[in-house]
Amino acid sequence: MTDSRTDWYSDETATFGDRLSGAREALGMTQTELAKRLGVRLATLTAWEEDRAEPRANRLQMLAGVLNVSMMWLLNGQGDGLDGPPDEGTIPGDVRAILSDIRQVRSEIGRLADRLAVLEKRLRNALKETA
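Residues numbered from 1 in each chain as written. Predicted model: local features only at pLDDT ≥ 70, side-chain atom pairs only at ≥ 80, totals over all residues. Heavy atoms only, no water.

Chemist: What is the right way to look at the overall build of the protein in this model?
Modeler: Check the secondary structure of the protein and you find six helices and zero strands. Taken from the N to the C terminus, the helices and strands of the protein come in the order α-α-α-α-α-α. Looking at the protein as a whole, 28% of its 131 residues qualify as buried. Counting contacts in the protein only where the partners sit at least 6 residues apart, residues at least 24 apart contribute 61% of the total. As presented, the protein carries roughly 8900 Å² of accessible surface, and 54% of it is formed by carbon and sulfur atoms. (Helix = DSSP H or I, 4+ residues; strand = E, 2+ residues; numbered from the N terminus. Buried < 20%, exposed > 50% of the residue type's maximum accessible area, 1.4 Å probe, protein only. Contact = heavy atoms within 4.5 Å. Areas by Shrake-Rupley, 256 points an atom, 1.4 Å probe, with all protein chains shown as cover.)

And the structure:
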């Protein structure tokens, strides 16, 4: 069993979402920018990066092209893609723990942003009904 506080990333543990967000970040692109280029909602891209959903084949192909990586690399880490982070042995334990905490906060922020969007929509609908 792996400890998420120390084993925050490796070729063996990286998910589709990890690779997607890593490739996007390597290009200096925000989630909003990538979602716009792909023609998808921000919530959709966030779900992909958080491994709560996966893109259809046509969007996967677009992702690979925009991010300049192979579809196989996005799916399973094999093929043309990004080099992984430095070997875990070179990252001190306290830094790994901080990185793990950052990923957890980022995921929580995404969930809260989705919740906020739902609440905003409910508020708009309620205001329309009272008008």
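Now that the structure has been shown, the text picks up again.
Chemist: Sorry if this is basic, but what is going on with the pattern of salt bridges here?
Modeler: One side chain can pair with another of opposite charge once the charged atoms of both are near each other. By the definition in use, this model includes three salt bridges. Here E25 ties to R24 by a salt bridge, and the two come within 3.7 Å at their closest N and O atoms. Note on R24: relative accessible area 6%, which makes it buried. One salt bridge connects R24 with E49, and the closest N-O pair in it is separated by 2.6 Å. With a gap of 25 residues between them, R24 in helix 1 (residues 16-26) and E49 in helix 3 (residues 42-49) connect regions that are remote in the sequence. (Salt bridge = Lys/Arg side-chain N within 4 Å of Asp/Glu carboxyl O.)

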